[in-house]
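The chain contents come next:
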Amino acid sequence: MMSRHDTNELAFLGVPLEEEQFYRALLRDRDDAGEHQPAVVSRTLELGIVVRTPAGGLRPLSPKRAVERLIEHRVGQTQDDLQETARRTGLVDSLSTETHAPRATTYDNPAVRQIEGLEAVRAAIDEVTFFAHSENLTTNPIGVLTAESIEVSRPIDLRILRRGVRMRTLMASACLQDGTTMAYLRELAARGAQIRVSTHPLDRMIICDRAVALTPIDPDNTARGALLTREPGLVSTVVSLFERMWAAAQELPEEDLPSLTETERQILKTLYLVDKDETGARQLNIALRTYRKHVARLMIRLDADNRFQAALHARERGWI
């Protein structure tokens, strides 16, 4: 009878049998790398379900986090494939020929399309960012993001970053006083976004690939709608304005260090340097039970699934 460990349950997530067996072996005993081939080890590292420790060992992600990462990876691959097919076949242009002719704008310029209403603007933003392949530039003159706007923006922003599109975002300085906004900005920065804060007035805009730009119809009442242009001269002017505002802005400030005790700081350092709790407790000359209580509290503060992830999060935030 075939055992569970001989079946490839992770195949639908893109994990071959040998890689799955290696991951399961590490879950049973993280010090057991077995006789698996280097290529198998490399593949599990590439998939992100196994990480290498600072000491050179291998550590598996928790099953929950590993499956989440594999799903995200497969969704990203599928999305990229579909986007490339849609772009290559000209699907959007083909479907657009079925729509009614767009209303003439104030400028009577077919290269400028007027979009009215918040929902229509959000749909236009989703459309132009969906096909962005190199760069996404945005500004936020208000500087404060509501929980609702973050919920709408997060899947779009993460999709852009996951595909390797360069993201640069300018925020008004009001963001510095809003915890919800700063938490989201730091989340994006941790994933590769470039974010700056401006003390000067900002003009609202979204620019994708320096080929299409969205600006408000009325800067004082963005709910009215937006103007979408692909006219090269207009887009170039908007890009130049963005670059001037970007050059005058400041980098997103580093996150303030938490009020850690010296013991907590030392424990975080040992998490990054050693593989076992026993070793860390011995190095700090404290009881193993006390060491593990500190670790448990730090993992909660760092929203980490395991000790190694806690150490990485702490290092990313500059805590150690």
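Residues numbered from 1 in each chain as written. Predicted model: local features only at pLDDT ≥ 70, side-chain atom pairs only at ≥ 80, totals over all residues. Heavy atoms only, no water.

1. Points about the packing of aromatic side chains
So, point 1. Under the counting rule described, the total for this entry stands at two aromatic pairs.
So, point 2. Judged by centre distance (5.0 Å) and plane angle (75°), the ring pair of F130 and F131 falls under edge-to-face.
So, point 3. According to the relative accessible area criterion, F131 is partly exposed, its value standing at 23%.
So, point 4. Geometrically, the ring pair formed by F242 and W246 is stacked, given 5.9 Å between the ring centres and 20° between the ring planes. Pair noted here: F242 and W246 are both in helix 8 (residues 232-247), with a separation of four residues, about one helical turn. The exposure classification of F242 matches that of W246, with both residues buried. (Phe/Tyr/Trp six-rings, centres within 6.5 Å; stacked < 30°, edge-to-face > 60°. Buried < 20%, exposed > 50% of the residue type's maximum accessible area, 1.4 Å probe, protein only. Helix = DSSP H or I, 4+ residues; strand = E, 2+ residues; numbered from the N terminus.)

2. Things to note about a nonpolar patch on the surface
So, point 1. Among the surface-exposed residues, V67, I71 and V75 lie close enough to one another that they form a single nonpolar patch of about 210 Å² accessible area.
So, point 2. As for its position among the elements, I71 is in helix 3 (residues 63-89). (Patch = residues over 30% accessible without salt bridge, like charges linked within 9 Å, V, L, I, M, F, W, Y side chains within 5 Å. Areas by Shrake-Rupley, 256 points an atom, 1.4 Å probe, with all protein chains shown as cover. Salt bridge = Lys/Arg side-chain N within 4 Å of Asp/Glu carboxyl O.)

3. Notes on the sheet that holds strand 4 (residues 135-140)
So, point 1. Taken in spatial order, the eight strands make up an open sheet running 3-9-8-7-4-5-6-10, and their pairing is mixed. Each having just a single partner strand, strand 3 (112-116) and strand 10 (250-251) make up the two edges of the open sheet.
So, point 2. When strand 5 (residues 166-172) meets strand 6 (residues 194-198), the two strands line up parallel, connected through five bridges. Residue pairing for strand 6: A172 is matched across the bridge by S198. (Pairing = 2+ DSSP bridges.)

4. Quick notes on the nonpolar core
So, point 1. Residues M171, C175, L185, L188, A193, I195 and L252 are the most contacted members of the largest nonpolar core, which totals 18 residues.
So, point 2. Going through the elements one at a time, helix 6 (147-162), strand 5, helix 7 (179-190) and strand 6 are the ones with two or more residues in this core.
So, point 3. The biggest single contributor to this core is helix 6, with five residues.
So, point 4. Once residues lying within four places of it in the same chain are set aside, the contact partners of A193 are L161, M167 and L188.
So, point 5. Of all hydrophobic cores here, the second largest spans 17 residues; its members include L10, V15, V40 and V50. (Core = buried A, V, L, I, M, F, W, Y, C linked by side-chain atoms within 4.5 Å. Contact = heavy atoms within 4.5 Å.)

5. Focus: helix 2 (residues 38-47)
So, point 1. Of all the residues in helix 2, the buried ones are V40, V41, T44 and L47. Seen along its axis, helix 2 keeps its buried residues to an arc of 125°; they face one direction. Opposite the packed face of helix 2, turned more than 90 degrees from it, sit the exposed residues P38, A39 and E46.
So, point 2. The inward-facing, buried residues of helix 2 contact helix 1 (17-28), strand 1 (50-52), strand 2 (58-60) and helix 3. (Arc of directions from axis to C-beta.)

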